[in-house]
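A closer look at the structure
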Amino acid sequence: MNLIVANESHFKYAQDICDTIADSAKVRGTGIAKRTPEYIQRKLSNGNAILALDGEKFAGFCYIEVWGHEKFVANSGLIVHPDYRGQGLAKKIKAKIFDLSREKFPDAKIFGITTGLAVMKINYELGYKPVTFSELTDDPEFWKGCQTCKNFDILTRTEQKMCLCTGMLYDGNTKKKTEEAKEMNGKAFTRLKSIKESLFLKKK
Ligand SMILES: CC(C)(COP(=O)(O)OP(=O)(O)OC[C@H]1O[C@@H](n2cnc3c(N)ncnc32)[C@H](O)[C@@H]1OP(=O)(O)O)[C@@H](O)C(=O)NCCC(=O)NCCS
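Residues numbered from 1 in each chain as written. Predicted model: local features only at pLDDT ≥ 70, side-chain atom pairs only at ≥ 80, totals over all residues. Heavy atoms only, no water.

Looking at an unreviewed UniProt entry, one finds the chain named Acetyltransferase (GNAT) family protein and attributed to Maribacter caenipelagi.

Structure, rendered in structure tokens:
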């Protein structure tokens, strides 16, 4: 398995990446920001994306987005092809994109929003902390990305204060997570998510 910083020679993978993201969102039944192949190609070309390839086969992907005049960066669009899940690949991709983010944008805070327990776990281990949306970027362009998510009405109703996603932030300026820091409480996140769903999702 090769984890590489992507470039124009990888444009051929854009459609595969989009399809895998869309199919996975359908299977999970959760909201997700939609991405077009053209959008993914822009990410592949600017040196801000990590691609995992098994020979010539697409295995995984994640990219960096810059917000609020480089005060914040997000590691977005994480996807592992179903054939390669459960082998620690997402963890490796996230670690690599995290290092690339720190290298290219050393003064930026790194953040993400997610409903996925796997992503929360990985982020937590990298030193991210769960935070309220008010601590994330207020760059309207970032939040516009949520418009294509099926839960966007919740974000609108709460005046962008909360949604089903949890915000997570890595602030390089705050003290490093200590060795004895507790493991992330996965059960608490799952419970929080189900409380939010029962509060915000309209009953069918
Ligand atoms: C989420 C996803 C990226 C995980 O990829 P992966 O390569 O299977 O993940 P890893 O093997 O690196 O697992 C990382 C950790 O998450 C856990 N994990 C993996 N999938 C999980 C799941 N569905 N639910 C709960 N925990 C999960 C693993 O057990 C592991 O934890 P551990 O270190 O305590 O054992 C992959 O399932 C995927 O692409 N899903 C669809 C897209 C998606 O949800 N993207 C995130 C959008 S924010």
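Still more ground to cover, so stick around.
**Quick word on the pattern of salt bridges**
Operational definition: Should a side-chain nitrogen of Lys or Arg be within 4 Å of a carboxyl oxygen of Asp or Glu, the pair is scored as a salt bridge. Secondary structure elements are taken from DSSP: a helix is a run of H or I of four residues or more, a strand is a run of E of two residues or more, and numbering for both begins at the N terminus.
Tallied over the full model, the rule gives eight salt bridges. Residue Lys109 is joined to Asp171 by a salt bridge in which the shortest nitrogen-to-oxygen separation is 3.9 Å. Of this pair, Lys109 sits in strand β5 (residues 109-114) while Asp171 sits in the loop between β7 (166-170) and α7 (186-200); the two residues are 62 residues apart in sequence, bridging distant segments of the chain.

**Focus: the packing of helix α1 (residues 14-28) against helix α2 (residues 37-45)**
Applied cut-off: Axis definition: a line fitted to C-alpha atoms, over the contacting stretch in the case of helices. Angles run 0 to 180 degrees between N-to-C directions. Geometric relationships in this document are graded by angle, where less than 35 degrees denotes roughly parallel, more than 145 denotes roughly antiparallel, 65 to 115 denotes roughly perpendicular, and other angles denote oblique. Crossing handedness: left-handed means the near helix sits turned counterclockwise from the far one by under a right angle, and right-handed means the same turn made clockwise. Contact criterion: two residues are considered in contact whenever any of their non-hydrogen atoms come within 4.5 Å of each other. Three classes are used, and their members are as follows: Ala, Val, Leu, Ile, Met, Phe, Trp, Tyr, Cys and Pro are nonpolar, Asp, Glu, Lys and Arg are charged, and the others, Gly among them, are polar.
Two elements in contact, α1 and α2, have axes separated by 8 Å at closest approach and are oriented at 120°. Taken together, α1 and α2 sit at an angle that is classed as oblique. The two elements α1 and α2 meet at a crossing, and its hand is right-handed. In this structure, α1 uses Ala14, Gln15, Ile17 and Cys18 to contact α2, whose residues at the interface are Pro37, Ile40, Gln41 and Leu44. In terms of residue class, the contact of α1 with α2 is built from six nonpolar, two polar and no charged.

**What about the environment of Val5?**
Threshold: Only protein chains enter the accessibility calculation, which uses a 1.4 Å probe. A residue is then buried if its area is under 20% of the maximum for its type, exposed if over 50%, and partly exposed in between.
Residue placement: Val5 occurs in strand β1 (residues 2-5). With relative accessibility at 36%, the residue Val5 sits in the partly exposed group. Taking C-alpha positions, Val5 is 26 Å from Asp139, a pair spaced 134 residues apart along the chain. Look past the residues within four positions of Val5 in its chain and what remains in contact with it is His10, Gly47, Ala49, Ile50 and Leu100.

**Remarks on the environment of Ser134**
Our working definition: Pairing of N or O atoms within 3.5 Å defines a polar contact, subject to two protein rules: one partner must be a possible hydrogen donor and the other a possible acceptor, and residues neighboring in sequence count only if both atoms are side-chain atoms.
Following the sequence through the fold, Ser134 ends up in the loop between β6 (129-131) and α5 (140-144). You can call Ser134 exposed: its relative accessible area is 67%. Sequence separation between Ser134 and Thr20 is 114 residues; the distance between their C-alpha atoms is 31 Å. Of the polar contacts made by the side chain of Ser134, one reaches the side chain of Thr132; its length is 2.9 Å.

**Some details on the nonpolar core**
Where we set the bar: We call a set of buried Ala, Val, Leu, Ile, Met, Phe, Trp, Tyr and Cys residues a nonpolar core when their side-chain atoms join them within 4.5 Å.
Leu89 and Ile93 are the most contacted members of the largest nonpolar core, which totals 26 residues. Contributing elements (two or more residues each) for this core: β2 (49-54), β3 (57-67), β4 (72-80), α3 (89-104), α4 (117-126) and β7. Not counting residues within four places of it along the chain, the set of residues in contact with Ile93 comprises Leu3, Ile50, Ala52, Gly60, Phe61, Cys62, Leu78, Ile79 and Val80. Membership of the second largest hydrophobic core comes to 16 residues, among which are Ala74, Leu136, Phe142 and Cys146.

**Here's the deal with unusual backbone geometry**
In this structure, Glu70 is a non-glycine residue whose phi angle is positive, near 70°. Relative to the elements of secondary structure, Glu70 occurs in the loop between β3 and β4. A relative accessible area of 48% places Glu70 in the partly exposed class. Positive phi, close to 50°, is recorded for Glu159, a residue that is not glycine. Within the secondary structure, Glu159 is located in the loop between α6 (152-157) and β7. For Glu159, a relative accessible area of 61% translates into the label exposed.

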